[in-house]
Amino acid sequence: LFLRIRRPPRSTLDRSSAASDVYKRQGKEYYAKLAMQFAAFVQEALDKSGGIMTVIDAYCLYNRARGTDSVSPEDIFIAANMFPKLDIKVGFKQLKSKVWIFQSNKFNEKTQIDTIASLLKESGPLSAEQIANKLSANTFIIKENLQLAEENGAICKDDSVEGLLYCENLILAYMSKHQSDTPMIT
């Protein structure tokens, strides 16, 4: 097991400098502080982006906000893996497509499916891009969520000459509407 030690600033590259020794002792403290700071930043970004965003998007937004004092992708990954240990309420997971995402704890798979299904019920058939625009979310992530919603039977897709459109599962809607009207057979 290797403990990753962040490279000291250019002014302290001399291995014998006092600043370099202090920097090496920071280790886990640095990542814990970074995790707390990054999580607060990401939570605010998640609230604006529909509760879910790719790690790449979060990384770019965070470093853009930091200006010239950017953080490496490895540091972000290590800090994000510390979220559960630090009881940080931001999810960090890998999708089926191997893309890493941050996700608000208010925004789990069931809420994703319900949000998409209710949007399609209100709006009618929509493309993945239209759904992403209406939900202010990343199109790639919406496509993953659409696949998840389809696998769970909440929505259907129609691949026609008009393109790939997603719509409400009318069979499921009909069954739930008429379920109380149907007498139980015993």
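I will try to describe carefully the structure that is included in this document. Every residue gets a number counted from 1 within its own chain, in the order that chain's sequence is written. Where local features are concerned, this predicted model is filtered to residues with pLDDT of at least 70; where side-chain atom pairs are given and counted, the filter is 80 or more; whole-chain, interface and lining totals use all residues. Side-chain numbers here rest on the full set of heavy atoms in the structure, without hydrogens or water.

1. Description of the packing of aromatic side chains
- Each Phe, Tyr or Trp ring (for Trp, its six-membered ring) is paired with any other whose centre lies within 6.5 Å, and the angle between the two planes then decides the class: stacked below 30 degrees, edge-to-face above 60, tilted in between. In this structure the tally under the stated criterion is nine aromatic pairs.
- Centroid distance Y30 to Y31: 5.0 Å. Interplanar angle 70 degrees. Geometry classified as edge-to-face.
- Each residue's exposure class comes from its accessible area (1.4 Å probe, protein chains only) as a fraction of the maximum for that residue type: buried when under 20%, exposed when over 50%, partly exposed otherwise. Among the residues examined, Y30 registers a relative accessible area of 18% and is labelled buried.
- Owing to a relative accessible area of 3%, Y31 belongs among the buried residues under this scheme.
- Judged by centre distance (5.3 Å) and plane angle (70 degrees), the ring pair of F41 and Y62 falls under edge-to-face.

2. With respect to the pattern of salt bridges
- Salt bridges are identified by distance alone: a Lys or Arg side-chain nitrogen within 4 Å of an Asp or Glu carboxyl oxygen. Taken as a whole, this structure holds seven salt bridges when the rule is applied.
- Put simply, K110 and D114 hold a salt bridge, and the shortest N to O gap is 2.9 Å. Of this pair, K110 and D114 both sit in helix α4 (residues 109–123), four residues apart, which is roughly one turn of that helix.
- In this structure K110 comes out as exposed when scored by relative accessible area, which is 57%. Secondary structure elements follow DSSP: runs of H or I no shorter than four residues count as helices, runs of E no shorter than two count as strands, and numbering proceeds from the N terminus.

3. Details of helix α6 (residues 139–151)
- For α6, built from 13 residues, the straight-helix expectation of 18 Å at 1.5 Å per residue is met to within 8% by its first-to-last C-alpha distance of 18 Å.
- Where α6 is concerned, the buried positions are I141, I142, E144, N145, L146, L148 and A149.
- In this description, contact between two residues means that some pair of their heavy atoms is separated by no more than 4.5 Å. For α6, the secondary structure elements touched by its buried residues are β1 (52–54), β3 (100–104), α4, α5 (128–135), β4 (155–160) and β5 (163–168).
- We call two N or O atoms a polar contact when they sit within 3.5 Å, provided that within protein one can donate a hydrogen and the other can accept it, with sequence-adjacent residues counted only if both atoms are side-chain atoms. In this structure N138 caps α6, since a side-chain oxygen of it lies 2.7 Å from the backbone nitrogen of F140.
- Among the residues trailing α6, G153 stands out with phi positive, at a value near 80 degrees. Under the convention used throughout, the expected extent of a helix is 1.5 Å for every residue step, that is, one less than its residue count.

4. Looking at a nonpolar patch on the surface
- Each patch is built from salt-bridge-free residues with over 30% relative accessible area, joining like charges within 9 Å and nonpolar side chains (Val, Leu, Ile, Met, Phe, Trp, Tyr) within 5 Å. Reported accessibility uses the Shrake-Rupley method at a 1.4 Å probe radius. Residues are deemed covered only where the shown protein chains occlude them. On the surface, a nonpolar cluster with roughly 370 Å² of combined accessible area is contributed by I171, Y174 and M175.
- With respect to the helices and strands, the residue Y174 is situated in helix α7 (residues 170–178).
- For Y174, a relative accessible area of 52% puts it in the exposed group.

5. A look at the nonpolar core
- Counting 23 residues, the largest nonpolar core has F38, V42, F83, V90 and F102 as its most contacted members.
- Considering each element in turn, this core owes the most residues, nine residues, to helix α1 (residues 18–48).
- With residues up to four places along the chain from it excluded, the contact list for V42 reads A58, V90 and F102.
- Formed by 17 residues, the second largest nonpolar core is a distinct cluster that contains I113, I116, L119 and L148. Residues enter a nonpolar core if they are buried and are Ala, Val, Leu, Ile, Met, Phe, Trp, Tyr or Cys, with the set joined through side-chain atoms within 4.5 Å.

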